[in-house]
Amino acid sequence: MVECSLRRRGEMLTKGFPRGRTLRPQSLCLYGLLVMSLLIGPLLLRSAAAERAFRLTAARTQVSIGSGLSYPAWTYNGTVPGPLIRVNEGDRVTITLTNHTSDSHGMYSHAAQLNDERFAGPPGAKELTYSFVAQIPGVFDYHCIAEPVLDHIAGGMYGMMIVRPKGGWPSGAAHEVSLVQAELYGLPDNRGVLRPDHAKMVDGEPDFVVFNGQVGRYSLAHPIAIKVGELVRVFFVNVGPNLFSDFHVVGAIFSSVYRSGNPADAVHDVQTFEVGPGDGAVFEFRVHHPGIYMFMDHAMGHAYKGAMGVFRASQ
Ligand SMILES: [Cu+2]
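All values reported here derive from a predicted model rather than from experimental measurement.

### Points about the overall build of the chain
Link 1 in the chain: Of the regular secondary structure elements, the chain holds 5 helices and 19 strands.
Link 2 in the chain: A total of 315 residues make up the chain; the buried ones form 36% of that total.
Link 3 in the chain: Restricting the contact set of the chain to residue pairs at least 6 apart, pairs at least 24 apart contribute 69%.

Structure below.
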């Protein structure tokens with residue numbers, strides 16, 4: 001069928017060729033393919049965006065924050081942060097949240113431009129679904145939007161969504177790392193279990209500030225391995241819920257920082273960069289010598305409460 005239709009197309013095209021030139025059947029097929037690709041190529045490019053579906057489950061989970069401490073978290077899929085979600089610019093993204101707990105929960109992706117009741121669903125609903133087109137590239141916060149939102153974010157219902165730009169990141173391939181900064185409010189009891197403290201949340205006075213859910217997750221004993229000279233790309237989100245973060249790597253200067261993770265909003269040769277609660281950034285850098293490179297929230301009180309870690313660079 002395909003061959004016949006191509007031959008017919010080729011025969012029609014021969015009428016337009018100069019006198020004295022003939023086309024063999026193989027040539028007709030090639031010209032047919034060329035014309036078809038010219039006609040439908042743009043359509044294929046436009047439809048290259050994918051349908052991406054993600055299913056999350058809200059749960060009450062006792063999670064470890066390291067150092068023998070734990071707390072009763074609200075989670076997506078049982079982890080804090082929730083799962084890292086990666087899509088491409090232009091993708092249609094469908095989020096489905098299942099909630100079998102007795103609490104209300106929702107899921108708001110900052111990458112979605114929709115009216116906000118879509119993200120919480122009707123009271124008592126056991127399943128929430130919405131779709132959006134990821135129109136803007138970047139690194140985005142997602143979090144629960146059920147009231148009190150402050151407690152739900154501080155309770156662990158947050159994560160990162162990366163929307164990769166069309167055509168990829170301007171600097172090309174890199175060693176990619178994702179870091180989510182968050183605060184924990186409440187001191188541990190004699191069993192090491194944190195008791196969430198709403199008053200401290202309102203006052204913005206956390207007891208712990210963590211990367212990827214744990215105090216000391218990337219300590220000297222558990223560094224992130226990198227190579228001298230390789231491009232390192234850090235996807236960073238500060239989910240707060242209250243504190244600003246001043247992200248810094250000791251001994252490195254960021255060759256590029258993309259505000260909100262969008263390459264259209266880039267600054268270069270930056271020592272420290274502020275990321276407010278509910279915002280994100282992409283940081284790129286290289287180190288020039290082997291050894292230890294600390295990364296931190298340079299507001300030192302935050303670092304002392306846990307917002308610090310270590311890259312270990314080798315040749
Ligand atoms: Cu929630």
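### A look at the nonpolar core
Link 1 in the chain: Counting 75 residues, the largest nonpolar core has Met107, Val139, Val210, Phe236 and Phe283 as its most contacted members.
Link 2 in the chain: Three or more residues apiece are contributed to this core by two domains, here domain 1 (51-164) and domain 2 (175-314).
Link 3 in the chain: Ignoring anything within four residues of it in the chain, the contact list for Phe236 reads Val139, Leu179, Phe247, Val275, Gly280, Ala281 and Phe283.

### Focus: the pairing of strand β1 (residues 51-66)
Link 1 in the chain: In this structure, β1 lies alongside strand β4 (residues 92-99), joined through 8 bridges in parallel fashion. Pairing of Arg55 across the sheet is with Thr96, part of β4.
Link 2 in the chain: Bridge count for β1 against strand β2 (residues 69-76) is 8 bridges, and the pairing is antiparallel. Looking at the pairing, Gln62 lines up with Pro72 of β2.
Link 3 in the chain: As consecutive antiparallel partners, β1 and β2 are separated by 2 residues, and within that stretch Ser67 has a phi angle of approximately 55°, a positive value.

### Focus: the sheet that holds strand β19 (residues 308-314)
Link 1 in the chain: The strand order across the open sheet built from 5 strands is β11-β19-β18-β13-β16, with neighbouring strands paired in mixed fashion. Among the strands making up the open sheet, the edge pair consists of β11 (224-227) and β16 (272-275). Across the sheet, the axes of successive neighbouring strands diverge by a mean angle of 25°, strand direction being ignored.

### Considerations on the sheet that holds β4
Link 1 in the chain: Strands sit in the order β2-β1-β4-β6 across an open sheet of 4 strands; the sheet is mixed. With one partner strand each, in any of the chains shown, β2 and β6 (127-133) form the two edges of the open sheet. Across the sheet, the mean angle separating the axes of adjacent strands is 25° when strand polarity is ignored.

### A closer look at unusual backbone geometry
Link 1 in the chain: Following Val80, the chain continues to Pro81 via a peptide bond in cis, the omega torsion being -5°.
Link 2 in the chain: Note on placement: Pro81 falls in the loop between β2 and β3 (85-88).
Link 3 in the chain: For the bond running from Glu147 to Pro148, omega is -10°, close enough to zero to count as cis.
Link 4 in the chain: With respect to the helices and strands, Pro148 occurs in the loop between β7 (138-143) and α3 (149-154).
Link 5 in the chain: For Asn77, which is not glycine, the phi torsion reads 60° and is therefore positive.
Link 6 in the chain: Relative to the assigned elements, Asn77 resides in the loop between β2 and β3.
Link 7 in the chain: Judged by the 15 C-beta atoms lying within 10 Å of it, Asn77 is partly exposed.

### Quick word on the pairing of strand β10 (residues 208-211)
Link 1 in the chain: Side chains Phe208 and Val210 project from β10 onto one buried face, and the interleaved Val209 and Phe211 project onto a second face that is buried too.
Link 2 in the chain: When strand β9 (residues 175-184) meets β10, the two strands line up antiparallel, connected through 4 bridges. Looking across to β10, one finds that Glu183 is bridged to Val209.

### Things to note about the confidence of the model for the chain
Caution is warranted with low-pLDDT regions, since their predicted coordinates should not be read in detail.
Link 1 in the chain: When pLDDT is averaged along the chain, the result is 88, and 85% of the positions lie at 70 or above.
Link 2 in the chain: Here residues 1-25 is a poorly scored stretch, pLDDT under 50, and it has 18 contacts once near neighbours within four places are set aside; other chains count.
Link 3 in the chain: Confidence drops under pLDDT 50 across residues 42-47; counting only partners more than four residues distant or on other chains, this segment forms 0 contacts.

### Some remarks on the environment of Val87
Link 1 in the chain: Along the chain, the position of Val87 falls in strand β3.
Link 2 in the chain: A sequence separation of 38 residues divides Val87 from Ala49, and the C-alpha atoms of the two residues are 9.8 Å apart.
Link 3 in the chain: Excluding its chain neighbours within four sequence positions, the residues that come into contact with Val87 are Arg52, Val93, Ala134 and Val163.

Thresholds, definitions, all that
Residues numbered from 1 in each chain as written. Predicted model: local features only at pLDDT ≥ 70, side-chain atom pairs only at ≥ 80, totals over all residues. Helix = DSSP H or I, 4+ residues; strand = E, 2+ residues; numbered from the N terminus. Buried ≥ 20, exposed ≤ 12 C-beta atoms within 10 Å, placed from the backbone. Contact = placed C-beta atoms within 7 Å. Core = buried A, V, L, I, M, F, W, Y, C linked by C-beta atoms within 7 Å. Domains from an automatic or database assignment. Pairing = 2+ DSSP bridges. Axes fitted to C-alpha atoms, helices over the stretch in contact; angles between N-to-C directions. pLDDT = per-residue confidence, 0-100.

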